[in-house]
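Descriptive structure summary
Residues per chain are reported as follows:
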Amino acid sequence: MPDRKSSLTCELIQAIHQTDEWDRIWMQDPAIQEARAQLDTLMEPIEPKELRDSLLDAISALTTACEYAATRYGARVTLALLNAAGNLF
């Protein structure tokens with residue numbers, strides 16, 4: 001059972017990823033769009049469809065895990081920078 005702190009962290013990350021800004025980044029970022037196009041090209045000929053869907057689900061799970069880890073890392077870096085800046089003044 002996840003502890004209260006990790007549950008709150010998960011909820012905050014989910015909230016961040018449900019913003020219009022995140023949607024805009026996800027839909028318009030050139031690197032994301034290029035990677036998505038490459039993936040679509042590679043996945044299209046894979047048969048049976050169930051295998052292709054399973055692979056896409058696994059890729060989605062990996063992508064989500066990476067997004068969450070990157071968001072947590074970014075938050076920790078931000079807090080460290082704010083703390084360091086506060087100690088300068």
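Here the structure is shown first, and the text comes after it.
Numbering of residues begins from 1 in every chain and follows the order in which that chain's sequence is written. The predicted origin of the model limits local features to residues at a pLDDT of at least 70 and limits the giving and counting of side-chain atom pairs to 80 or more, whereas totals for whole chains, interfaces and linings rest on all residues. Heavy atoms from the whole structure form the basis of all side-chain values; hydrogens and water molecules are not counted.

1. Quick word on the overall build of the protein
- Secondary structure assignment for the protein yields 4 helices and 0 strands.
- Helical segments are the DSSP runs of H or I of at least four residues, strand segments are the runs of E of at least two, and each set is numbered from the N terminus. The helix and strand sequence of the protein, counted from the amino end, reads α-α-α-α.
- This radius of gyration counts C-alpha atoms alone. The globule rule is 2.2 Å times how many residues there are, raised to the power 0.38. What you see for the protein is a C-alpha radius of gyration of 18 Å, clearly larger than the 12 Å of a compact globule of 89 residues, by over 25%.
- By its C-alpha atoms, the protein is 60 × 35 × 20 Å across when sized along the principal axes.
- Between buried and exposed lies partly exposed: a residue is buried under 20% and exposed over 50% of the maximum accessible area for its type, with that area taken using a 1.4 Å probe on protein chains only. Burial analysis of the protein (89 residues in total) assigns 7% to the buried set.

2. Considering the packing of helix α2 (residues 20-28) against helix α3 (residues 30-43)
- A fitted line through C-alpha atoms represents every axis, and for helices the fit uses only the stretch in contact; the resulting angles, taken between N-to-C directions, go from 0 to 180 degrees. Contact geometry for α2 and α3: axes closest at 6 Å, N-to-C directions at 55°. Between α2 and α3, the crossing angle belongs to the class labelled oblique. Mapping the contact onto sequence places Ile 25, Trp 26, Met 27 and Gln 28 in α2 and Pro 30, Ile 32, Gln 33 and Arg 36 in α3.
- Under the scheme applied, nonpolar residues are Ala, Val, Leu, Ile, Met, Phe, Trp, Tyr, Cys and Pro; charged residues are Asp, Glu, Lys and Arg; polar residues are all the others, including Gly. Class assignment of the residues belonging to the contact of α2 with α3 gives a composition of 5 nonpolar, 2 polar and 1 charged. In this scheme, roughly parallel covers angles under 35 degrees and roughly antiparallel covers those over 145, while 65 to 115 is roughly perpendicular and the rest are oblique. By definition in these notes, contact holds between two residues if any of their heavy atoms fall within 4.5 Å.

3. As for the pattern of salt bridges
- Whenever Lys or Arg places a side-chain nitrogen within 4 Å of a carboxyl oxygen from Asp or Glu, that contact is recorded as a salt bridge. Going through the model one piece at a time under the given rule, you end up with 3 salt bridges.
- A salt bridge links Arg 24 to Glu 21; the nearest nitrogen and oxygen atoms lie 2.8 Å apart. Here Arg 24 and its partner Glu 21 are both found in helix α2, 3 residues apart, which amounts to about one turn of the helix.
- A relative accessible area of 39% means that Arg 24 is categorised as partly exposed.
- Linking Lys 49 and Asp 53 is a salt bridge whose minimum nitrogen-to-oxygen distance equals 2.9 Å.

4. Comments concerning a nonpolar patch on the surface
- The residues that make up patches have over 30% relative accessible area and no salt bridge, and they are joined within 9 Å when like-charged or within 5 Å when they are Val, Leu, Ile, Met, Phe, Trp or Tyr. Only the protein chains shown count as covering a residue, and every accessible area follows the Shrake-Rupley method with a 1.4 Å probe. Nonpolar side chains collect at one region of the surface, where Leu 51, Leu 55, Leu 56 and Ile 59 lie side by side and expose about 270 Å² of accessible area between them.
- Within the secondary structure, Leu 56 sits in helix α4 (residues 49-88).
- Taking the relative accessible area as the measure of exposure, Leu 56 reaches 31% and is therefore partly exposed.

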